[in-house]
Amino acid sequence: QCCTCKYKRPIQNTPFLDIPVVPTSITEYLRTGGVGKPTQRLPACRLTKCLANYTTTEVVGDVECASCTIQREMVEWEEEVLVLGGAVQALTNTRGPEGLALVEELTKAEKKLQQLKQMDPEDIEELHQLLSSDDDELSGLLGGTKPKKRLVRGDAHKRLVLTRPPAILCIHVQRRFYDPVANRMSKTLQQVDFDEYLNLGPYCSNYNGTTAVPYKLQAVVEHQGNAFSGHYQTYRRRPDDSEKWVLVSDQDVGPRTLLQVKSSQAYMLFYEATE
C-alpha cells in the first residue's frame, strides 16, 4: 500500500520452498548496530515470534506508484485544460487558424484527462505509453520542453503472508548472518522454541482472528558447528510408530524423546498439515 495515496495493490502470489525466519537475537543485534553477541547462547525466542516478524508490515522506500503518477498527471492535464479553455474563451474568433489550433489542443487535453480518470493503476503498460506520449504533447503553455517523465516513487507498506498453505511446510531458521562489527559471517546459537503443533492461521491472508490452519511437526534438521563448517543431523518420527522419534546422523540412528527434539538447535523444521 502506498503511504502517500493509500492505493493498495492486489496480492501477488509467488511460489516458495520454505519460510525463512530470523532468530530475534540477530534482528536485535543488527538493529542496535552491534550491541550484544548473538553468537553466544541467549534467552530463547519463540518460533511464533519469528513467524510474526516475518509477516509483519514493513515500510519499503523508493517504490514506484502508478496511482500517484496518475494523480500527478491529472493535476497537470487539469491545469492544461484550464489554461487552454481560458485561451479559447478569450479569443474573439475561434474559427481562425489560431482559434482552431487552440480548440484542437483543448480537445486533446480533455481526452487525455478523461483517459487518466478511467485508467487502471495496474495497467502499467498503458501508463508508460501515456507518459511517453506526454513527452511530446504536454508542452507550450506549461513551460516548453519537459524532461522524460517517470513513475512517482515513494514509501510503501509491504507485508508477506501465505495465501495457499502447503501440505508440507518447511521453515528455515536462518542462523547464519553477516556480522558488520566483526566483518565476517557468524552463526547465532540462540534457542528457537517450537511446538509439536503449529497453527499457521495468523500468518495467512484470510486470517480473521480465529482461523485455524493446523500443522504437526514431522522432522527437524539441526546444524552443529560454526558459520563456516559443521555437521547436519535429523530428528524424525519413526515410520512404523509416528509417536516415537529417532535421531539420524550419517549411518548412526538412535531413539530420542520429543523433549530432546524440542531442545535441539533447529535449522530446518518440517510440519505436515493435519486438515
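Residues numbered from 1 in each chain as written. Predicted model: local features only at pLDDT ≥ 70, side-chain atom pairs only at ≥ 80, totals over all residues. Heavy atoms only, no water.

**Student:** Before we go on, may I ask you to explain the pattern of salt bridges in this structure?
**Tutor:** Opposite charge on two side chains permits pairing when their charged atoms draw close. Enumeration according to the criterion identifies 11 salt bridges in this entry. Residue D62 is joined to R153 by a salt bridge in which the shortest nitrogen-to-oxygen separation is 3.6 Å. Of this pair, D62 sits in strand β3 (residues 58-65) while R153 sits in strand β4 (residues 152-158), and the two are 91 residues apart along the sequence. Given the relative accessible area of 52%, D62 is considered exposed. Owing to a relative accessible area of 46%, R153 belongs among the partly exposed residues under this scheme. (Salt bridge = Lys/Arg side-chain N within 4 Å of Asp/Glu carboxyl O. Helix = DSSP H or I, 4+ residues; strand = E, 2+ residues; numbered from the N terminus. Buried < 20%, exposed > 50% of the residue type's maximum accessible area, 1.4 Å probe, protein only.)

**Student:** Help me out: how do you make sense of the environment of C68 in this one?
**Tutor:** Following the sequence through the fold, C68 ends up in helix α3 (residues 66-90). Sequence separation between C68 and D252 is 184 residues; the distance between their C-alpha atoms is 61 Å.

**Student:** I keep staring at the nonpolar core and nothing clicks. Help me out?
**Tutor:** The nonpolar side chains of soluble globular proteins are, as a tendency, buried together. Among the nonpolar cores identified, the biggest contains 27 residues, and L47, I171, F194, L200, L269 and Y271 are the most heavily contacted of them. Core analysis: the second largest hydrophobic core is formed by 17 residues, M74, V81, V88 and L127 among them. (Core = buried A, V, L, I, M, F, W, Y, C linked by side-chain atoms within 4.5 Å.)

**Student:** In this structure, what is going on with the side chain of S25? I would like to understand it.
**Tutor:** Among the secondary structure elements, S25 is positioned in helix α1 (residues 24-31). A distance of 2.9 Å separates a polar atom in the side chain of S25 from a polar atom in the side chain of Q190. Apart from the residues lying within four places of it in its own chain, the contact partners of S25 are P38, L42, T188 and Q190. (Polar contact = N/O pair within 3.5 Å; in protein donor to acceptor, adjacent residues only side chain to side chain. Contact = heavy atoms within 4.5 Å.)

**Student:** How should I be thinking about the side chain of Q233 in this particular structure?
**Tutor:** Relative to the elements of secondary structure, Q233 occurs in strand β11 (residues 230-238). Taking the relative accessible area as the measure of exposure, Q233 reaches 7% and is therefore buried. A distance of 2.7 Å separates a polar atom in the side chain of Q233 from a polar atom in the side chain of E222. Among residues more than four places away in sequence, those in contact with Q233 are V220, V221, E222, Q224, L247, V248 and S249.

**Student:** What is the right way to read the packing of aromatic side chains from this model?
**Tutor:** Two descriptors summarise a pair of aromatic rings, namely the distance from one centre to the other and the angle between the planes of the rings. The final tally for this structure, using the stated rule, is two aromatic pairs. With centroids separated by 6.1 Å and ring planes inclined at 75 degrees, the aromatic side chains of Y29 and F177 adopt a geometry described as edge-to-face. Of this pair, Y29 sits in helix α1 while F177 sits in strand β6 (residues 176-179); the two residues are 148 residues apart in sequence, bridging distant segments of the chain. Neither Y29 nor F177 differs from the other in exposure class; each is buried. With 5.4 Å between their ring centres and 55 degrees between their planes, Y232 and Y267 make a pair best called tilted. In this pair, Y232 sits in strand β11 while Y267 sits in strand β14 (residues 266-273), placing the two residues 35 residues apart along the sequence. Residue Y232 is classed as partly exposed on the basis of its relative accessible area, which comes to 45%. (Phe/Tyr/Trp six-rings, centres within 6.5 Å; stacked < 30°, edge-to-face > 60°.)

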